[in-house]
Amino acid sequence: MIHPKNILVTGATGLVGKPLCQALEQRGHHVSTVSRSQNGDYQWDVDKGEFDSKALDGVDLVIHLAGETVAQRWSDPAKKRILNSRVDSTKLLVDAILKQEKRPALISASGISYYGIQVDGPVDESTPSGDGFLAEVTRQWEGAAQSLVDAGVRVAFMRTGIVLSREGGALAKMLTPFRFGVGGRIGSGEQLMSWISLPDLVSAYVFAVENENVDGPINVVAPQPASNLGFTKNLGFVIGRPTIFPIPAAVIKLLFGEMGKETVLSDLGVLPQRLTKFGFQWQNPDLEEALRETIYSEPEP
Ligand SMILES: NC(=O)c1ccc[n+]([C@@H]2O[C@H](COP(=O)([O-])OP(=O)(O)OC[C@H]3O[C@@H](n4cnc5c(N)ncnc54)[C@H](OP(=O)(O)O)[C@@H]3O)[C@@H](O)[C@H]2O)c1
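How each quantity is defined
Residues numbered from 1 in each chain as written. Predicted model: local features only at pLDDT ≥ 70, side-chain atom pairs only at ≥ 80, totals over all residues. Heavy atoms only, no water. Core = buried A, V, L, I, M, F, W, Y, C linked by side-chain atoms within 4.5 Å. Buried < 20%, exposed > 50% of the residue type's maximum accessible area, 1.4 Å probe, protein only. Helix = DSSP H or I, 4+ residues; strand = E, 2+ residues; numbered from the N terminus. Contact = heavy atoms within 4.5 Å. Polar contact = N/O pair within 3.5 Å; in protein donor to acceptor, adjacent residues only side chain to side chain. Near = heavy atom within 4 Å. Areas by Shrake-Rupley, 256 points an atom, 1.4 Å probe, with all protein chains shown as cover. Pairing = 2+ DSSP bridges. Axes fitted to C-alpha atoms, helices over the stretch in contact; angles between N-to-C directions. Expected span 1.5 Å × (residues − 1). Bend = angle between axes of the 7 residues up to and from the residue. Parallel < 35°, antiparallel > 145°, perpendicular 65-115°, else oblique. Left-handed = near helix turned anticlockwise from the far one by under 90°. Nonpolar A, V, L, I, M, F, W, Y, C, P; charged D, E, K, R; others polar.

S.K.: Pulling in residues and values, what's your account of the nonpolar core?
M.R.: In this structure, Ile-63, Ile-107 and Tyr-205 are the most contacted members of the largest nonpolar core, which totals 35 residues. The set of elements that each furnish at least two residues to this core consists of β1 (6–10), α1 (17–26), β5 (61–64), β6 (105–111), β7 (155–160), α6 (198–210) and β11 (216–220). Top element by residues in this core is α6. It accounts for 9 residues. Setting aside residues no more than four positions away along its own chain, Ile-63 makes contact with Ile-7, Leu-8, Val-9, Thr-10, Leu-20, Leu-24, Ile-107, Tyr-205 and Val-209. Core analysis: the second largest hydrophobic core is formed by 21 residues, Ala-66, Leu-106, Ala-145 and Val-153 among them.

Quick look at the structure:
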């Protein structure tokens, strides 16, 4: 039996937030949201350090998704926004939570880029953090909640892989060239991609909400990563298009700079060791099926 919770969600207007809020409400939880705009039940201004702590009244759990998009050219100001929007927002929430008499739990987004850009062999939650800008961002992002962990509050970090969605992220960007028959592997194609379907990502958050023993770092990826070549072939097969035009790594570096190197060209075979131990069940463990469902499922109303 589910005990309904009062949940506050930041970044609820985003790719993950929208279906997650819907799923939580469908399961009987009460959801309120914080946004930079009037689209939220409460507003905040992370740069000015403004957050209305009334938003935490009666809240059992906070889900923190907000953050400047990573999918942009990493100019110095963009890098600052990517870092500060995550670290400063987490600090704002943590400070407000610590002042509460009854402190809500925190489930925060994080990324598998914590492990770096390239790692030999499989990665699990015990693997130390690696190199690169995004690794630094995730270290500081998770680190910003350390005082809450030290205070004994339940905190989970959802180290998320490449989310499969038609609406945004890597797959949405790949679909157009692939549909025109000009898709292909990137670089050598040997680099590992640790992916997760959007329904499974949403379910993992719901699982973390409803299971009080879920805390600490949680790799949110499918049970098996794919090589970029395998991913390419599956995608071509699912949409019935050839995938014979490889994109050289140098072109990705030229087009996307450091961002391309740390995302599209990264090589991370991440395993969801803790989710597996907790008994989480994937709806889309198979890449071909996950791609088919993502691309051909009915759009959300
Ligand atoms: N999607 C992925 O592939 C993926 C993979 C790994 C990790 N993650 C992490 O999971 C979280 C959710 O991902 P998502 O794909 O749903 O992100 P998203 O679609 O880009 O949405 C994030 C939300 O954050 C808020 N936001 C954007 N820029 C901000 C800024 N500069 N300062 C404060 N808030 C800002 C926005 O909400 P308001 O406009 O309402 O304020 C936005 O709707 C993110 O933190 C992301 O890093 C995502």
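S.K.: Provide a residue-level description of the side chain of Thr-90, including the pertinent values.
M.R.: Relative to the elements of secondary structure, Thr-90 occurs in helix α2 (residues 76–98). On the basis of relative accessible area, Thr-90 is assigned to the buried category, the value being 1%. A distance of 2.6 Å separates a polar atom in the side chain of Thr-90 from the backbone oxygen of Arg-86. Setting aside residues up to four positions removed in sequence, Thr-90 forms contacts with His-64, Trp-141, Ala-144 and Ala-145.

S.K.: Break down the site of the ligand for me, with residues and values.
M.R.: The environment of the ligand is made up of 19 residues, and the closest members are Thr-13, Val-16, Ser-35, Arg-36 and Arg-86. Between the ligand and Glu-68, the relevant distance is 2.9 Å, taken from a nitrogen atom to a side-chain nitrogen or oxygen of the residue. Val-163 places a main-chain nitrogen or oxygen 3.5 Å from an oxygen atom of the ligand. Contact with the protein chains hides 79% of the accessible area of the ligand, taken as 890 Å² for the molecule alone.

S.K.: Can you tell me about the sheet that holds β1, naming the residues and giving the values?
M.R.: The strand order across the open sheet formed by 8 strands is β4-β3-β2-β1-β5-β6-β7-β11, and the pairing between neighbours is mixed. The sheet is open, and its two borders are formed by β4 (50–51) and β11, each paired with just one other strand. Helix-sheet contacts for α1 involve β1, β2 (30–35) and β5, and the interaxial angle to β2 is about 160 degrees.

S.K.: So what about α2? Which residues, and what values?
M.R.: Taking 1.5 Å of rise per residue, the 23 residues of α2 would be expected to cover 33 Å, and the 32 Å separating its terminal C-alpha atoms lies within 8% of that figure. Where α2 bends most, the angle comes to about 30 degrees, and this point is Asn-84.

S.K.: Describe in detail the pairing of β11, supporting the description with residues and values.
M.R.: Counting buried residues in β11 gives 4 out of 5 residues, a clear majority hidden from the surface. Across 5 bridges, β7 lies against β11 in parallel orientation. In the sheet register, Met-158 faces β11, and the bridge partner there is Ile-218.

S.K.: Before we move on, can you summarise the packing of α2 against helix α3 (residues 133–143) with the specific residues and values?
M.R.: Two numbers describe how α2 lies on α3: the axes approach to 9 Å, and their chain directions differ by 15 degrees. Regarding the angle of α2 to α3, the classification is roughly parallel. Pair α2 / α3 crosses with right-handed handedness. Side by side, α2 and α3 meet where Lys-79, Ile-82, Leu-83, Arg-86, Val-87 and Thr-90 of the first sit next to Phe-133, Val-137, Gln-140 and Trp-141 of the second. A per-class count over the contact of α2 with α3 returns 6 nonpolar, 2 polar and 2 charged.

S.K.: Tell me about the side chain of Thr-232, and please be specific about residues and values.
M.R.: Considering the arrangement of structural elements, one finds Thr-232 in helix α7 (residues 228–239). Among the residues examined, Thr-232 registers a relative accessible area of 1% and is labelled buried. A distance of 2.6 Å separates the side chain of Thr-232 from the backbone oxygen of Asn-228, its partner in a polar contact. When neighbours within four sequence positions are excluded, Thr-232 is seen to be in contact with Phe-178, Gly-184, Arg-185 and Thr-243.

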